[in-house]
Amino acid sequence: MSDAPLLEARGLSLRYGPIAALDEVGIEIHPGEVVAIVGESGSGKTTLLRVLSGLLRPEAGSVTYRDPEGTPHAVHSMGEAALRRLHRSDWGFVHQNPRDGLRMGVSAGGNIGERLMATGARHYGGLRAAATEWLQRVEIDPSRIDTLPGKFSGGMQQRLQIARTLVTHPRLVFMDEPTGGLDVSVQARLLDLLRTLVAELGLAVLLVTHDIAAARLLAHRLLVMRHGKVVEQGLTDRVLDDPQHEYTQLLVASVLAA
Amino acid sequence: MSAEAGYNFGYLDENTKRMIRRALLKAVAVPGHQVPFGSREMPLPYGWGTGGIQVTASVIGPDDTLKVIDQGADDTTNAVSIRRFFARVAGVATTERTGEATVIQTRHRIPETPLREGQILVYQVPMPEPLFRLEPRVAETKRMHALADYGLMHVKLYEDIARHGHVAISYNYPVMVADRYLMSPSPIPAFDNPKLHRMPALQLFGAGREKRIYAVPPYTDVRSLDFEDHPFRPVRADAPCALCGSRESYLDEVVTDDRGGRMFVCSDTDYCNTRQAAATQEAAE
């Protein structure tokens, strides 16, 4: 890991009326690092993700992204065109509900090809080959390349969404509860797949989850949020094995042992 | 011919024409970009060419010669009535000859005879937005045009090839104008798309119901979208014209009886008549 962070946020604040969704939040992600944000519902996890990815503008604070040449860019003052370009090349976003991230009226192959076409790929055979390869990588039978995502199971849809996001080899992927709404065995397979892909591609991932087990499996570092504040952060094993803050202790204690 | 009393020249009042001309100037300055304009009520229903008529009324002058075609034909109801309309309210000369016309209003075709500098081709456009079947939100399509974010259109072409083995768009085939704006060429057959590219004549597009005007200035690059390994191919019925024998022109299939009889004839009546007359003359000599 290099010393310059890929994405860096300082002093982020955002209020929804009287509720502080974000209260002076700072975060850093380095290339190739997986950072998990855990916390209960309403603690500001998803808001933080949306602010960091430029979808939502904070009331105070700044988010800086460093491009492959090492030039820093302020995410919230870069303009819509540049932000879109970033979102379809360098960044990826995996939604909790695959229906938000997929085009349900377009075949699996078309879904995977969309980001490639948006960045200028104009060779049908090449797009087909990339789609086949990625279907294999996410363990979907490549013969279903022309199937509509609506015909897939929930777990397959989520894997398709991951293939569609990773096909352009982004440097940074935002994931909002990627295992939410899936049953336990499917979750385990998905986590396994994610862990393999993240290691193979050297991705930096910002993972929002309330699933402590998922965080332990995937993340290098962990941030615990409560009421819009980061109450504790550190290496995943350190935070989970030796929680300092009382809320983290509660969180770790509430995990059901199988 | 003189114009009927009681109407302003070209039916529209001068202020409306000025407003439309301003929109036209902007459209010519930004090729392929859709410019909103205050479309007026015209004495015919939306969908019958109100946009084209308003554009024609704004650019036509007393010395112009007007030709109107509908699906390539000069003698169909819509073409005849629009031609008569302008003969009445503007008193301009009308013609069926492509070469003699200075302003040509068209629905669904580009004439076979190549157009030259100084001519104006006015298209009647039902739906100016090329993305409307793919993205239902107008605000979002505007954003996509502003950011030149056209990946979605290629997804549609990809889906066509995946399902049918070729791009299954036979008319209204989307084009890129001057490498910047995605544009609907109006429902002309894909066969006519290559004629848009670097045409010497000025091309104006009017959509009356949707209240949009756009333009392709002379000698502008217009490219049909395609893939490197699935290049754009104009489609034509594989037959000669039954009347003039042309193997180059775009053909209409005409059912002649209820026992499966059919014939292929040129859709451009002026082109077909000219060729037939030339053939008759040759035979007589």
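A quick note: this is a predicted structure, and the numbers were derived from the prediction, not measured.

Novice: Whenever I open this one, the domain arrangement of chain B confuses me. Can you help?
Specialist: Put simply, an interface is often sized by how much accessible area is lost when its parts join up. Residue and element names in this part refer to chain B. As far as domains go, chain B holds domain 1 (14–128 + 176–223) and domain 2 (236–285). Its C-alpha centre places domain 1 at a distance of 26 Å from the equivalent point of domain 2. Counting residues at the interface gives 15 residues for domain 1, matched by 10 residues for domain 2. In this assembly, domain 1 packs against domain 2 so that about 960 Å² is buried in total across both faces, 49% of it on carbon and sulfur atoms. Ranking the residues of domain 1 by area buried against domain 2 places Arg 109, Glu 112 and Phe 191 at the top, with a combined share of 45%. For the interface between domain 1 and domain 2, the tally reads one salt bridge. Ionic pairing is found between Asp 270 and Arg 97, a salt bridge with its closest N-O pair at 3.7 Å. Viewed at the interface, domain 2 and domain 1 are joined by seven residue pairs in polar contact (both at pLDDT 80 or more).

Novice: Any chance you could explain the interface of chain B and chain A here in plain terms?
Specialist: With 19 residues of chain B in contact, the opposing surface of chain A contributes 22 residues. At the boundary of chain B with chain A, total buried surface from both sides reaches about 1,800 Å², with 58% on carbon and sulfur atoms. Connecting chain B to chain A are four salt bridges. With a closest N to O distance of 2.7 Å, B:Asp149 and A:Arg84 form a salt bridge.

Novice: Explain the nonpolar core here, please?
Specialist: Burial of nonpolar side chains together is a common tendency in soluble globular proteins. Of all hydrophobic cores here, the largest spans 69 residues; its most connected members are A:Ile112, A:Trp134, A:Leu160, B:Tyr158 and B:Phe227. Look past the residues within four positions of A:Trp134 in its chain and what remains in contact with it is A:Ile112, A:Ala163, A:Leu166, A:Val167, A:His169, A:Leu197 and A:Leu201.

Novice: What is the right way to read the UniProt feature "domain: ABC transporter" (unreviewed entry) in chain A from this model?
Specialist: Sequence positions flagged by UniProt for "domain: ABC transporter" (unreviewed entry) are, in local numbering, residues 7–252 of chain A. The span residues 7–252 of chain A is 39% helix and 26% strand, and its two end C-alpha atoms sit 28 Å from each other.

Novice: Before we go on, may I ask you to explain helix 3 (residues 77–89) of chain B in this structure?
Specialist: Think of an α-helix as 3.6 residues a turn; residues three or four steps apart then line up on the same face. All names here are of chain B. In a regular helix each residue adds 1.5 Å, so 13 residues correspond to 18 Å; helix 3 covers 18 Å between its end C-alpha atoms and thus fits that length. Taken as a whole, helix 3 has its buried residues at Asn 78, Ala 79, Ile 82, Arg 83, Phe 85, Phe 86, Ala 87 and Val 89. Packed against the buried residues of helix 3 are helix 2 (50–59), strand 2 (65–70), strand 3 (93–94), strand 4 (103–107) and strand 5 (120–124). Directly after helix 3, the chain includes Gly 91, whose backbone phi takes a positive value near 65 degrees.

Novice: Explanation requested: the packing of helix 6 (residues 154–166) of chain A against helix 7 (residues 184–201) of chain A in the structure shown.
Specialist: In a packed pair of helices, the relevant descriptors are the angle between the two axes and the axis-to-axis distance. All names here are of chain A. Across the interface, helix 6 lies against helix 7 with an axial gap of 10 Å and an inter-helix angle of 10 degrees. Considered as vectors, helix 6 and helix 7 are oriented roughly parallel to each other. As for the relative orientation of helix 6 and helix 7, their crossing is right-handed in sense. On the side of helix 6, the interface is formed by Gly 155, Gln 158, Arg 159, Ile 162 and Leu 166, while helix 7 contributes Val 186, Arg 189, Leu 190, Leu 193, Leu 194, Leu 197 and Leu 201.

Novice: How do you make sense of the sheet that holds strand 1 (residues 35–36) of chain B when you look at a structure like this?
Specialist: Two pairing modes exist for strands in a sheet, parallel and antiparallel, and in both the strands are linked by backbone hydrogen bonds. Residues and elements named next belong to chain B. Read from one edge of the open sheet, seven strands run 1-9-8-5-4-2-3, paired in mixed fashion. With partners counted over all chains shown, the strands left at the sheet margins are strand 1 and strand 3, one partner each. One ladder, built from five bridges, connects strand 5 with strand 8 (residues 202–207); its direction is parallel. The residue bridging Ile 120 from the neighbouring strand is Leu 202, located in strand 8.

Novice: Is there a simple way to think about unusual backbone geometry in this case?
Specialist: Negative phi characterises most residues that are not glycine, and trans characterises most peptide bonds. Residues and elements named next belong to chain B. The backbone of Arg 198 sits at a positive phi, close to 55 degrees, despite the residue not being glycine. You can see Arg 198 is positioned in the loop between helix 6 (193–196) and strand 8. Although it is not a glycine, Lys 211 adopts a positive phi angle of roughly 60 degrees. As for its placement among the helices and strands, Lys 211 is situated in the loop between strand 8 and strand 9 (212–216).

Novice: I keep staring at the sheet that holds strand 10 (residues 222–224) of chain B and nothing clicks. Help me out?
Specialist: Residues and elements named next belong to chain B. Here three strands make up an open sheet; going across it, the order is 7-6-10 and the pairing antiparallel. This sheet does not close on itself; its edge strands, each paired only once, are strand 7 (181–183) and strand 10. Between one strand axis and the next, the sheet turns by 30 degrees as a mean value, whatever way the strands run. Sheet topology note: the strand 6 (residues 175–177)/strand 10 ladder contains three bridges and is antiparallel. Residue pairing in the sheet places Val 177 in a bridge with Val 222 of strand 10.

Novice: Looking at this model, I keep getting lost on the packing of helix 4 (residues 108–118) of chain A against helix 5 (residues 151–164) of chain B. Mind explaining?
Specialist: Between helix 4 of chain A and helix 5 of chain B, whose axes approach to 9 Å, the crossing angle comes to 140 degrees. When the axes of helix 4 of chain A and helix 5 of chain B are compared, the pair comes out oblique. Here helix 4 of chain A and helix 5 of chain B pass one another in a crossing that is right-handed. Two secondary-structure elements touch here, helix 4 of chain A through A:Gly109, A:Gly110, A:Glu114, A:Met117 and A:Ala118 and helix 5 of chain B through B:Gly151, B:Leu152, B:His154, B:Val155, B:Tyr158 and B:Glu159. Its residues assigned to classes, the contact of helix 4 of chain A with helix 5 of chain B shows five nonpolar, four polar and two charged.

Novice: Hey, could you run me through the domain arrangement of chain A in this one?
Specialist: All names here are of chain A. Taken as a whole, chain A is organised into domain 1 (1–90 + 173–258) and domain 2 (101–169). A C-alpha centroid distance of 25 Å is found between domain 1 and domain 2. Listed per partner, the contact involves 15 residues of domain 1 and 16 residues of domain 2. Summed over both sides, the interface of domain 1 with domain 2 buries roughly 1,400 Å², with 66% coming from carbon and sulfur. Counting across the interface, domain 1 meets domain 2 through two salt bridges. Glu 139 is the salt-bridge partner of Arg 189, the closest N and O atoms lying 3.5 Å from each other. Viewed at the interface, domain 2 and domain 1 are joined by three residue pairs in polar contact (both at pLDDT 80 or more). Every element with two or more residues in the side of domain 1 that touches domain 2 is listed here: helix 2 (80–88) and helix 7. The dominant element in the side of domain 1 that touches domain 2, judged by the number of residues it contributes, is helix 7, at eight residues. Here the side of domain 1 that touches domain 2 is composed, by residue class, of 10 nonpolar, two polar and three charged.

Novice: Hey, could you run me through helix 6 of chain A in this one?
Specialist: Residue and element names in this part refer to chain A. End to end, helix 6 covers 19 Å across 13 residues, agreeing with the expected 18 Å (1.5 Å per residue, within 8%). Among the 13 residues in helix 6, 12 count as buried, and that is most of the element. Among the residues of helix 6, those classed as buried are Gly 155, Met 156, Gln 157, Gln 158, Arg 159, Leu 160, Gln 161, Ile 162, Ala 163, Arg 164, Thr 165 and Leu 166. Turning to helix 6, the residues buried within the fold contact strand 6 (91–94), helix 3 (98–101), helix 4, helix 5 (124–137), strand 7 (172–176) and helix 7.

About the thresholds
Residues numbered from 1 in each chain as written. Chains lettered and ligands numbered in written order. Predicted model: local features only at pLDDT ≥ 70, side-chain atom pairs only at ≥ 80, totals over all residues. Heavy atoms only, no water. Domains from an automatic or database assignment. Contact = heavy atoms within 4.5 Å. Buried area = accessible area lost by both parts, 1.4 Å probe. Salt bridge = Lys/Arg side-chain N within 4 Å of Asp/Glu carboxyl O. Polar contact = N/O pair within 3.5 Å; in protein donor to acceptor, adjacent residues only side chain to side chain. Core = buried A, V, L, I, M, F, W, Y, C linked by side-chain atoms within 4.5 Å. Buried < 20%, exposed > 50% of the residue type's maximum accessible area, 1.4 Å probe, protein only. UniProt positions renumbered as here; feature names shortened; annotations may be inferred. Helix = DSSP H or I, 4+ residues; strand = E, 2+ residues; numbered from the N terminus. Expected span 1.5 Å × (residues − 1). Axes fitted to C-alpha atoms, helices over the stretch in contact; angles between N-to-C directions. Parallel < 35°, antiparallel > 145°, perpendicular 65-115°, else oblique. Left-handed = near helix turned anticlockwise from the far one by under 90°. Pairing = 2+ DSSP bridges. Nonpolar A, V, L, I, M, F, W, Y, C, P; charged D, E, K, R; others polar.

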